[in-house]
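Residue strings, one per chain:
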Amino acid sequence: MIQFAFKRFALAALILVVAVTVMFLMIRAVPGDPVSIMLGPRATPELKARLIAEMGLDQSLPKQLFIYFSGLLRGDLGVDVFSGRDVTTIVFEQLPHTLKLIFSAILWSALLGIGLGCYAAAHPNTWIDRAAAAISVSFIAAPAFVVALLSLLVFAVYLQWFPAIGVGEGFWDTAWHLVLPSLAIGLSWVGYIARLVRASMLEVLGENHIRTARAFGLSERRIVGIYALRIAILPVVTVIGVGMGFLLSSAVFTEIVFARPGLGKLVIDSITSRNYPIVMGAVLVSTALFVISTAVADLINAILDPRARSGT
Amino acid sequence: MTETLLEIDNLSVDYETARGDLKALRDISFDVNRGEIVGIVGESGCGKSTLISAILRLIAPNTRFRNGAIRFKGDDLLTRTEEQMRALRGGDISIVFQDPMQTHNPVITIGKQMVDIQHRVKISKAEKLATAARMLGVVGIPDPEARLKQYPHEFSGGMRQRIAIAMALMSEPDLLIADEPTTALDATLEVQIIERLKDLQRDFGCAILFISHHLGVIAELCDRVVVMYAGAVVESGTVREIFHNPKHPYTRRLIECDPGHIKTRARVLPTIPGEVPDLANLPEGCIFRERCDQAMARCAQVPPLTRLSEGHNAACWLNHAEEIA
Ligand SMILES: Nc1ncnc2c1ncn2[C@@H]1O[C@H](COP(=O)(O)OP(=O)(O)OP(=O)(O)O)[C@@H](O)[C@H]1O
Ligand SMILES: [Mg+2]
């Protein structure tokens, strides 16, 4: 198990290194001289030269990459040339907001989706199953930014039940501010997870060991909720792990619609002002988030499934 | 003193399929008495598994009960609600299924599964674990305490089969149904399991309904035999009667063709010329007529299962000679 975890995280680190390199090169490939854009048209040549030197842009590309990676190892993502603050500090200031958003969305959509999927699978082809299917499919079809805009208009602007912008302070206020953005991100996941759980649950319920559980008179609730779900959940964990990427991108939209601070907003703002160190830092952290979450999903599956653990 | 425990009375069960109703069981009748071991023998596809899943009503969704009754201790199970059936499962009636490799939940330890099935017993979890370990010991699994912490894939097929038997016996059922519990095992293990089942039957006093398509095993273990062919009972009687005085051509062919001994590794019944009829499209008359070398005009009608002597029934017109004459 420990060996498995070690291997999996080594792989994650490798993926991250490749991703960072590609990203670094891509940003450099964007047309336009970053320094001129950052400083505006009236910048003096001396100022430009100083900034170029400060950002290390006068070095060769491999050298720049080396400097970046060695900084990275020390947890140093560079310095924001405008404010002179550490990029690491700036990014980690914003990160918790995005994490709260994403994890609240995963949490409620997974719970609801799994419940809905289990119920539908336990009562296949009843009207409840059909209703769940219809709801799921329409949820899947709802993109996050549409739900974000609509829910903002209806529940925040028109009904004024929830706050429209910001993140709030303290537990309840924060939770209150999370409701609509989290709804926007999670809604399509409810449908997706419900469909996935239903399909994999139906398959598991047809397996022979479930008939054995029934033959011993175990309650249907225990059979569906424990005996079958422990197996049916495995693909869902993987999908959520990989889905982290989609969640991050829908978080970008949602943060902008609700004017919430967070990684997404930070990236967009920094791209418009060509603030490369921050763009790099924010994208790096979200990539790391994605890579780590897929690794964690694999680990969770290894814990849930003894067959995967023993490598057979 | 014999008391009837299970009474299958004219049971007919269909599977609804795209090709029409598949008549998997037709007018099945036989009894199992308390403490008795009854064998059911027949070729693959003759409806043995259908029969036992019908008894506990652990059936595929396309199963339809058409006719008959399944009486357990005099009480018709087919009229019971699902909830009442659940009370019986793993309590008074236990079952060992055919495929040991898929019979246990792959992601839950054997110990937890064995504790969970004791859900009707009001004892602590530690005591349930102790019971589980003791039962594993009874079926000959070494080092049971440690084994309880393991998952099914860490056991061999033979061990899993023995675990399944241990689980089925744990509630001390009145009736143990075992669906080909030895088919997946090699010959030595098969002998061991048969011996073990005999011991257990003696110690626990339960009746056993033992399904096999291996005549040798049946002869070794059972008191009485029910011979099935294509969804119908063609003959039933004591092991002695069936093996020494078979009254149905199908039974005779089975015995003739059987290499005979439990030690020989005959997994499949030897072939009898011809094919099993299509159950969705039954021919007229006696079900075995097409393959029977003694078929006659009268076989165009279905022969009834008739009592020939005390405890010996057969469904063949050959036993009605005096009527023909
Ligand atoms: N759910 C189902 N739907 C349709 N037909 C089925 C279904 N289950 C079984 N059958 C058919 O019913 C017949 C009896 O099957 P059953 O499994 O009871 O045979 P069996 O005697 O147990 O065979 P084996 O010795 O191979 O286990 C077979 O023809 C089989 O193909
Ligand atoms: Mg079978």
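Our structure's up above, just so we're on the same page.
Residues numbered from 1 in each chain as written. Chains lettered and ligands numbered in written order. Predicted model: local features only at pLDDT ≥ 70, side-chain atom pairs only at ≥ 80, totals over all residues. Heavy atoms only, no water.

As a further point, take helix H11 (residues 263-272) of chain A. All names here are of chain A. Burial in H11 covers these residues: Leu 263, Gly 264, Leu 266, Val 267 and Ser 270. Down the axis, H11 shows its buried residues gathered within 165° of arc, on one side only. Residues of H11 that are buried make contact with helix H5 (87-122), helix H10 (220-257) and helix H12 (276-304). Downstream of H11 by one or two residues, Arg 274 has phi in the positive range, about 50°. (Buried < 20%, exposed > 50% of the residue type's maximum accessible area, 1.4 Å probe, protein only. Helix = DSSP H or I, 4+ residues; strand = E, 2+ residues; numbered from the N terminus. Arc of directions from axis to C-beta. Contact = heavy atoms within 4.5 Å.)

It is worth spelling out the packing of aromatic side chains at this point. One pass over the full model with this rule turns up six aromatic pairs over all chains. Between A:Phe24 and A:Tyr68, the ring centres sit 5.4 Å apart and the planes meet at 50°, which makes this aromatic pair tilted. With a gap of 44 residues between them, A:Phe24 in helix H1 (residues 2-29) and A:Tyr68 in helix H4 (residues 61-73) connect regions that are remote in the sequence. Across this residue pair, the class does not change: A:Phe24 and A:Tyr68 are buried. Between B:Tyr250 and B:Phe288 the ring centres are 5.3 Å apart and the planes differ by 70°, which places this aromatic pair in the edge-to-face class. (Phe/Tyr/Trp six-rings, centres within 6.5 Å; stacked < 30°, edge-to-face > 60°.)

Before going further, it helps to examine the coordination of the magnesium ion (ligand 2). Residue and element names in this part refer to chain B. The protein atoms that coordinate the magnesium ion (ligand 2) are Ser 49 (OG) and Gln 98 (OE1), at distances spanning 1.9 to 2.4 Å. Here Gln 98 lies in the loop between strand S6 (93-96) and helix H3 (110-116) and Ser 49 lies in helix H1 (residues 48-55), a separation of 49 residues in the sequence. Owing to a relative accessible area of 30%, Ser 49 belongs among the partly exposed residues under this scheme. Using a relative accessible area of 34% as the deciding quantity, one classes Gln 98 as partly exposed. (Donors = N, O, S within 2.8 Å, 3.2 Å for Na, K, Ca; no water.)

The next thing to look at is the interface of chain B and chain A. Between chain B and chain A, the residue contacts involve 24 residues of the former and 22 residues of the latter. Linking chain B to chain A there are one salt bridge. In this structure, B:Asp116 and A:Arg222 form a salt bridge, with 3.2 Å as the shortest nitrogen-oxygen distance. Counting every contact that joins chain B to chain A gives ten residue pairs in polar contact (both at pLDDT 80 or more). Mapped by element, the contributors of at least two residues to the side of chain B that touches chain A are H3 and helix H6 (157-170) of chain B. In terms of residue count, the dominant contributor to the side of chain B that touches chain A is H3(B) (three residues). Looking at the side of chain B that touches chain A residue by residue, the class counts come to ten nonpolar, eight polar and six charged. (Salt bridge = Lys/Arg side-chain N within 4 Å of Asp/Glu carboxyl O. Polar contact = N/O pair within 3.5 Å; in protein donor to acceptor, adjacent residues only side chain to side chain. Nonpolar A, V, L, I, M, F, W, Y, C, P; charged D, E, K, R; others polar.)

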